[in-house]
Amino acid sequence: MSELKFPPNFSWGVATSAYQIEGAAAEDGRGPSIWDTFSHQPGKTFEGHTGDVACDHYHRYDTDVDLIASLGVDAYRFSISWSRVQPKGHGAWNEKGLAFYDRLVDKLLSKGIKPHVTLYHWDLPQGLQDLGGWGSRDTTDCFADYADVMGRRLGDRVASICTHNEPWCTAHLGHHVGQFAPGNKDPQLAIQVAHHLLLSHGKALQAMRASGVKAPLGIVLNQSSVTAATQSQADRDSAERQYAAFVRWYMDPIFLKRYPTAPGLSIYPTVSENDFNTIAQPLDFLGINYYTRIWASESSPPVPAPNAMGVNDMGWETYPQGLSDLLRQIDRDYDLPPIYITENGFAGDDHLVGGKVADSPRIAYVHTHLAALQQAMEAGVDIRGYFYWSLFDNYEWNSGYAKRFGLVHVDYENQQRTLKDSAHWYSDLIRKGR
Ligand code: FCB
């Protein structure tokens, strides 16, 4: 495989999110989030798995940070559980919850690791869902208050703060498809939710900037390249529509103050005067999460995606070229701030055998995606860092603990962590690079 060469100041990291790793769901005053509610409903998640315990990171954060440091990374991306710091999402704050994130940030800093904070990784306090959740415009103001409090609390010590992780997933998977919390199946609601997420992002940036928060501020979007299966009009229209719904739906409001149009896109949200001005706050950085491409086939029968490089355990095609194509496309279309790849990773059929996990498909996945990233950088795209998803195996939402994305294997019987081959490979790469 090709040799990888990255600039010496390029940041290397690993990523996680609160509900997927923390556990301690009802401890020290944490309130329930929509994922607690959803995962406890029969039939919603794989074998009824919940994040009640997860990786028990709330109790093990100290040694987990030692583990992160042992990988040689210089950056760690994690999220705040909103209902841990403000149990209902409005009203009283929970000092014990806030203190946990202080301890985590301080420990990271003591190990020379830059903390990158995500404010919202899908776990809305249930107290706000009870008032209408992201379907209610009022939630955008609650989010701005929450961002302001966290920004003032951590903003002098962290390397970045992003408002939302993958608003498409919250809106579409949570409110249209219903496979994620809160489990609604209403396309019009989903589009209104997407608008409120964007609006809350803009309000949060305004609030944090007004408070003088020093950390760079941004948002994390999940994006894919889109390939039309054939040159038929139907497939090309489908590709245009899917790119607009997935990528442009979030980029256009932020960078161009409008929603995109495309053949067959017909549902739009209610937008109040000035909303686009609020949403389009200047960003200090943009986070991109990339896993696979979208294959647009309206043909009958549909033309299947070629998967010469294989699929992962989620069934997602490995398509590194899509990362480079996507980055070059958005760099042409928008006036972008510096970019971080805030997630990229591989779910594997991993087994702990004799103290080792041989996960060469994950190594190949990361290697080829880093090569694609390098191509995009050579083409002039300003990329400052890469975060592998995930630090360790964790609660993969509705797939429960059945899908393993980690560089580090977790044995859920005893919470033992074991570095997979990919973790050693990633460490070597980073150390050689330096
Ligand atoms: C992303 C999510 C992350 C994880 C990975 C596999 O969409 O941000 O929490 O589930 O997918």
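Structural notes, computed from the coordinates. (Residues numbered from 1 in each chain as written. Predicted model: local features only at pLDDT ≥ 70, side-chain atom pairs only at ≥ 80, totals over all residues. Heavy atoms only, no water.)

1. Points about the environment of Val-271
Within the fold, Val-271 resides in the loop between helix H10 (233–256) and helix H11 (275–279). Residue Val-271 is classed as partly exposed on the basis of its relative accessible area, which comes to 33%. Through-space distance from the C-alpha of Val-271 to that of Gln-192 is 8.7 Å; in sequence the pair is 79 residues apart. (Helix = DSSP H or I, 4+ residues; strand = E, 2+ residues; numbered from the N terminus. Buried < 20%, exposed > 50% of the residue type's maximum accessible area, 1.4 Å probe, protein only.)

2. A word on the packing of helix H3 (residues 57–70) against helix H5 (residues 95–110)
Geometry of a packed helix pair, given as the angle between the helix axes and the separation of the axes. Where H3 meets H5, the closest approach of the two axes is 9 Å, and the angle between their N-to-C directions is 10°. For the element pair H3 / H5, the angle class is roughly parallel. Where H3 approaches H5, its residues His-57, Tyr-58, Tyr-61, Asp-62, Val-65 and Asp-66 are matched on the opposing element by Lys-96, Phe-100, Arg-103, Leu-104, Lys-107 and Leu-108. When grouped by side-chain class, the residues that make up the contact of H3 with H5 number six nonpolar, one polar and five charged. (Axes fitted to C-alpha atoms, helices over the stretch in contact; angles between N-to-C directions. Parallel < 35°, antiparallel > 145°, perpendicular 65-115°, else oblique. Contact = heavy atoms within 4.5 Å. Nonpolar A, V, L, I, M, F, W, Y, C, P; charged D, E, K, R; others polar.)

3. Looking at helix H12 (residues 321–333)
Since one α-helical turn is 3.6 residues long, residues separated by three or four positions face the same way. Counted at 1.5 Å a residue, the expected span for H12 with its 13 residues is 18 Å, and the 18 Å between its end C-alpha atoms agrees. When H12 is considered as a whole, its buried residues turn out to be Gly-322, Leu-323, Ser-324, Leu-326, Leu-327 and Ile-330. Looking at the packing, one finds that the buried side of H12 touches H10, strand E7 (285–289), strand E9 (339–343), helix H13 (360–378) and strand E10 (383–389). (Expected span 1.5 Å × (residues − 1).)

4. Focus: unusual backbone geometry
Following Ser-300, the chain continues into Pro-301 via a peptide bond in cis, with omega recorded as -5°. Here Pro-301 shows up in the loop between strand E8 (294–296) and H12. A positive phi is found at Ala-24, a non-glycine position, where the angle reads about 45°. Although it is not a glycine, Trp-122 adopts a positive phi angle of roughly 85°.

5. Side note on the site of the ligand
Close to the ligand lie Gln-20, His-121, Trp-122, Asn-165, Glu-166, Tyr-291, Glu-343, Trp-389, Glu-396, Trp-397 and Phe-405. Gln-20 places a side-chain nitrogen or oxygen 2.8 Å from an oxygen atom of the ligand. Here an oxygen atom of the ligand sits 2.8 Å away from a polar atom, N or O, in the side chain of His-121. Residue composition of the shell around the ligand, by class: five nonpolar, three polar and three charged. (Near = heavy atom within 4 Å. Polar contact = N/O pair within 3.5 Å; in protein donor to acceptor, adjacent residues only side chain to side chain.)

6. As for the environment of Tyr-395
Tracing the sequence through the fold places Tyr-395 in the loop between E10 and strand E11 (408–411). Sequence spacing of Tyr-395 and Gly-23 is 372 residues, and the spatial spacing of their C-alpha atoms is 9.7 Å. In this structure, Tyr-395 is in contact with Tyr-19, Gln-20, Trp-35, Ser-39, Thr-45, His-49, Thr-50, Gly-51, Gly-400 and Tyr-401, ignoring residues within four places of it in sequence.

7. Let's talk about the packing of aromatic side chains
A full pass over the atoms with the stated rule returns 40 aromatic pairs. Ring centres of Phe-285 and Tyr-340 lie 5.9 Å apart, and the angle between their planes is 85°; on these two criteria the pair is classed as edge-to-face. Of this pair, Phe-285 sits in strand E7 while Tyr-340 sits in strand E9; the two residues are 55 residues apart in sequence, bridging distant segments of the chain. Here Phe-285 matches Tyr-340 in class, with each residue buried. Ring centres of Tyr-401 and Tyr-412 lie 4.6 Å apart, and the angle between their planes is 55°; on these two criteria the pair is classed as tilted. Of this pair, Tyr-401 sits in the loop between E10 and E11 while Tyr-412 sits in the loop between E11 and strand E12 (416–419); the two residues are 11 residues apart in sequence, bridging distant segments of the chain. On the accessibility criterion, Tyr-412 (23% relative accessible area) is partly exposed. Connected via pairs of aromatic rings, a cluster forms that spans Tyr-19, Trp-35, Phe-38, Trp-122, Phe-180, Tyr-395, Trp-397, Tyr-401 and Tyr-412. The ring of Tyr-58 is capped by Arg-84, whose NZ or CZ atom sits 4.1 Å from the centre of that ring. (Phe/Tyr/Trp six-rings, centres within 6.5 Å; stacked < 30°, edge-to-face > 60°. Lys NZ or Arg CZ within 6 Å of the ring centre and 35° of its normal.)

No statement about biological role is implied by the geometric values presented.
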